[in-house]
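So the chains spell out like this:
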Amino acid sequence: ANPPATVLTATVAGDLHGFGILAAAMLAASAGLGVVHLGPNLPMEEVSYAAKRSGARVVLISMTGPENGDGRSSQLDSLRTRLPADTELWAGVNPPELASTMKVKAKGIRWIKDFAGLEHELKRIGGKF
């Protein structure tokens, strides 16, 4: 059976923390959604290419730790402009306070602050829990 939606998961270039994004991918898969898990430390050009090729409805990017906030903000902006307009961009951040410090210019980025928030969004796109 075809899943109701596909979620592509990755972390930004320079972020080597792979456990949280793997857990998010497993949560999406267990909810019956399609998952393309790219893992940590990827250039946004690669992520956008994979998103287009896979037809992902959502790209979920994980970011951990406060270091290099400006670089990460520009990576998210770059990714948003490279994705098709109908592909949602979700950004999972740890610690959650990181979301308020990110200076992204792009519109339409959905901030995911914890796994309860992720579960809520996965339900919205057809995930079953």
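A few points on the structure. What you see is a predicted model; the values in this text were computed from it and never measured.

About the criteria used
- Residues numbered from 1 in each chain as written.
- Predicted model: local features only at pLDDT ≥ 70, side-chain atom pairs only at ≥ 80, totals over all residues.
- Heavy atoms only, no water.
- Helix = DSSP H or I, 4+ residues; strand = E, 2+ residues; numbered from the N terminus.
- Buried < 20%, exposed > 50% of the residue type's maximum accessible area, 1.4 Å probe, protein only.
- Pairing = 2+ DSSP bridges.
- 1 Å grid on protein atoms, 1.4 Å probe; cavity = no way out; pocket = protein on both sides within 12 Å on 5 of 7 lines; lining within 4 Å.
- Points joined across faces, edges and corners; volume = space filled by probe spheres on them.
- Salt bridge = Lys/Arg side-chain N within 4 Å of Asp/Glu carboxyl O.
- Axes fitted to C-alpha atoms, helices over the stretch in contact; angles between N-to-C directions.
- Parallel < 35°, antiparallel > 145°, perpendicular 65-115°, else oblique.
- Left-handed = near helix turned anticlockwise from the far one by under 90°.
- Contact = heavy atoms within 4.5 Å.
- Nonpolar A, V, L, I, M, F, W, Y, C, P; charged D, E, K, R; others polar.

## Quick notes on unusual backbone geometry
Thinking step 1. Geometrically, the link from N94 to P95 is a cis peptide bond, its omega value of 5° lying close to zero.
Thinking step 2. If you trace the backbone, P95 turns up in the loop between β4 (88-94) and α4 (98-101).
Thinking step 3. Unlike most non-glycine residues, N41 shows phi in positive territory, near 65°.

## Remarks on the pairing of strand β3 (residues 58-64)
Thinking step 1. Counted residue by residue, β3 has seven buried out of seven residues, so it is predominantly covered.
Thinking step 2. Alternating residues of β3 divide into V58, L60, S62 and T64 and V59, I61 and M63, and every residue in both groups is buried.
Thinking step 3. Here strand β1 (residues 6-12) runs beside β3; their pairing, made up of five bridges, is parallel. When the bridges of β3 are listed, L8 appears paired with V59.

## Brief notes about the layout of surface pockets
Thinking step 1. Considering only enclosed or pocket space, the largest pocket measures out at about 300 Å³ in volume.
Thinking step 2. What lines the largest pocket is a set of 17 residues, among which G20, S62, G92, N94 and F115 lie closest to the centre.
Thinking step 3. At the level of elements, α1 (19-30), β3, β4 and α5 (115-124) are the ones that each hand at least two residues to the lining of the largest pocket.
Thinking step 4. Here the lining of the largest pocket gets four residues from one element, more than from any other, and that element is α1.

## What about the pattern of salt bridges?
Thinking step 1. Under the counting rule described, the total for this entry stands at eight salt bridges.
Thinking step 2. The salt bridge involving D15 is made with R72; its shortest N-O contact spans 3.9 Å. With D15 in the loop between β1 and α1 and R72 in helix α3 (residues 69-82), this residue pair connects regions lying 57 residues apart in the sequence.
Thinking step 3. For D15, a relative accessible area of 1% puts it in the buried group.
Thinking step 4. Taking relative accessible area as the criterion, R72 reaches 4% and is therefore assigned buried.
Thinking step 5. Across the pair R110 and E121 runs a salt bridge whose closest N-O atoms are separated by 3.4 Å. Here R110, found in strand β5 (residues 109-112), pairs with E121, found in helix α5; they are eleven residues apart in sequence, far enough to count as distant.
Thinking step 6. Residue R110 is classed as partly exposed on the basis of its relative accessible area of 34%.
Thinking step 7. Accessibility expressed as a relative area gives 10% for E121, which makes it buried.
Thinking step 8. Each of R57, E88, R110, E121 and R124 takes part in one network of salt bridges that share partners.

## Examining the packing of helix α2 (residues 44-54) against α3
Thinking step 1. Between α2 and α3, the shortest axis-to-axis distance is 9 Å and the interhelical angle comes to 30°. Considering their axes alone, α2 and α3 lie roughly parallel with respect to each other. Along this stretch, α2 crosses α3, giving a crossing that reads as right-handed. In this structure, α2 uses M44, E45, V47, S48 and K52 to contact α3, whose residues at the interface are Q75, S78, L79 and R82.
Thinking step 2. Residues that form the contact of α2 with α3 fall into these classes: three nonpolar, three polar and three charged.

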